[in-house]
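Now for the letters of each chain:
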Amino acid sequence: MKELYLFRHAARSVTSSNVSRGLDPNKIRSWLDNSSDHLQETSSAISEIHRKSKTSKPTSPIDGPYLNNYFANKSDLPVSVLTSMDRGNVSRIINDSEIRLDWSIYDLNKLPGEDRRAAAEAGLDQPGTSHENKGQLLPEVILLGRCNVGKSSLVNALMSNNKQSATTYAKVKQSAGYTPCLNFYNVGGLFRLVDSPGYGVKGKPWQGELTMRYLAERRELKNCFLILNGDLGLNKYDELILEALVEMGVQFDIIFNKIDKIKNESRIQHYEELISRSILNDLKIKPRMYFANSIENDLKQRTGINEIRYGILQSCGYSDLQTLKPRRRRKTINETIEKIKEKNARKSLKAQAKANLQHDIH
Ligand SMILES: Nc1nc2c(ncn2[C@@H]2O[C@H](COP(=O)(O)OP(=O)(O)OP(=O)(O)O)[C@@H](O)[C@H]2O)c(=O)[nH]1
Ligand SMILES: [Mg+2]
């Protein structure tokens, strides 16, 4: 109505002021009349858009938890759907954990546990390896995958504080074939997370042998997380390793990583198609499935990390996460300062609230 009122006013002023400039007032009136109809249509279309935008929900990000929720009802492959309490627990456990690289292994016979076993088999009493006194044996999980699929980035994402900091434990590089050996990260004395050299075109035969022997022989190994390219899907090397894992009877799960490479609105359809045309549904063992983004340079984009952490802890036999206490890491000076600041802010808020209450009473 307001627009129409303004419009009429404009028509009046145009007719009177433009005659002197040689414009035909009737033409102008008819043009304005048509415009009035158009304006009315436009204004009602705009209010319709406003109405719709108020009622329709904004598109949610199709992130790791969203995809898990979606495929929980749609796929034969199991997925984890976490409660907010599970999320809180896994974040606390990892954020509190002291994390360190215990061993970098090029030769499986030198791996603690294996050295002892090798020595026992050879009839020797003293294995005498350099790693012998560097810690007790813990449950282990390994990240497997093609070169460049994001194994080391995922190691960093799994062991870093979710949103605030990206600690770099494992070295990451754009060029494929970067991690040369098996790296064992001790997480809070609870388990060891093993980063492995990638397989595929850039993988070296001796690295393949090392990893395969580890998979076949390691008694501490509780689960493998096979990382797949979330953009391109499985290739022949992935199929070979999947078949080998099934054949060896090794427990494994799969992670579709780099989901950011697929546009948010196409993700569901992309993964539905990718899974249905892969060999995943035909495997004798149905692996648990995860969707993640382990990107290092944009922490807000990281997703699906707590689901994998939860899967790791469960595989390692830790089911009561509420009471699980890792070996704690020492806080940095900055973290300590932040904690003190938070405590003081809470104190002053409390004091303020108390003062307000007393003021209201009086
Ligand atoms: N877009 C995107 N890039 C990623 C993601 N995760 C890792 N990258 C990038 O992928 C490249 C390879 O990452 P790495 O973590 O080194 O991969 P890797 O599997 O350990 O590679 P190798 O050790 O060579 O086998 C790096 O440039 C990473 O920044 C992700 O979730 N999304
Ligand atoms: Mg690597």
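What you see is a predicted model; the values in this text were computed from it and never measured. (Residues numbered from 1 in each chain as written. Chains lettered and ligands numbered in written order. Predicted model: local features only at pLDDT ≥ 70, side-chain atom pairs only at ≥ 80, totals over all residues. Heavy atoms only, no water.)

Chemist: How would you sum up the site of ligand 1? Please name residues and give values.
Modeler: Close to ligand 1 lie 23 residues, the nearest being Lys151, Ser153, Gly177, Tyr178 and Asn293. Here glycine 150 contributes a backbone N or O atom positioned 3.0 Å from an oxygen atom of ligand 1. Interatomic distance of 2.8 Å between a side-chain N/O atom of aspartate 260 and a nitrogen atom of ligand 1. Protein contact buries 91% of the 650 Å² of open area that ligand 1 shows by itself. (Near = heavy atom within 4 Å. Polar contact = N/O pair within 3.5 Å; in protein donor to acceptor, adjacent residues only side chain to side chain. Areas by Shrake-Rupley, 256 points an atom, 1.4 Å probe, with all protein chains shown as cover.)

Chemist: Account for the side chain of asparagine 186, naming residues and giving values.
Modeler: With respect to the element layout, asparagine 186 can be found in strand E3 (residues 182-187). A distance of 3.0 Å separates the side chain of asparagine 186 from the side chain of aspartate 102, its partner in a polar contact. Ignoring sequence-local partners within four residues, the contact set of asparagine 186 consists of Glu98, Ile99, Arg100, Asp102, Leu138, Phe191, Arg192 and Arg327. (Helix = DSSP H or I, 4+ residues; strand = E, 2+ residues; numbered from the N terminus. Contact = heavy atoms within 4.5 Å.)

Chemist: How would you explain the nonpolar core if you had to name every residue and give the values?
Modeler: Among the nonpolar cores identified, the biggest contains 42 residues, and Tyr214, Phe256 and Tyr271 are the most heavily contacted of them. Apart from the residues within four sequence positions on either side, phenylalanine 256 is in contact with Leu228, Asn229, Gly230, Leu234, Tyr271, Leu274, Ile275, Leu280, Met289, Tyr290, Phe291 and Ala292. Counting 33 residues, the second largest nonpolar core, distinct from the first, contains Met159, Ala292, Cys316 and Leu321. (Core = buried A, V, L, I, M, F, W, Y, C linked by side-chain atoms within 4.5 Å. Buried < 20%, exposed > 50% of the residue type's maximum accessible area, 1.4 Å probe, protein only.)

Chemist: Run through the packing of helix H3 (residues 64-74) against helix H9 (residues 267-276), naming residues and quoting values.
Modeler: A pair of packed helices is captured by two measures, namely the crossing angle of their axes and the spacing between those axes. Orientation of H3 relative to H9, taken along the N-to-C sense of each, is 55°, at an axis distance of 11 Å. Here H9 runs oblique to H3, going by the angle between their axes. The two elements H3 and H9 meet at a crossing, and its hand is right-handed. Mapping the contact onto sequence places Tyr66, Leu67, Tyr70 and Phe71 in H3 and Ile268, Tyr271, Glu272 and Ile275 in H9. Partitioned by chemical class, the residues of the contact of H3 with H9 number seven nonpolar, no polar and one charged. (Axes fitted to C-alpha atoms, helices over the stretch in contact; angles between N-to-C directions. Parallel < 35°, antiparallel > 145°, perpendicular 65-115°, else oblique. Left-handed = near helix turned anticlockwise from the far one by under 90°. Nonpolar A, V, L, I, M, F, W, Y, C, P; charged D, E, K, R; others polar.)

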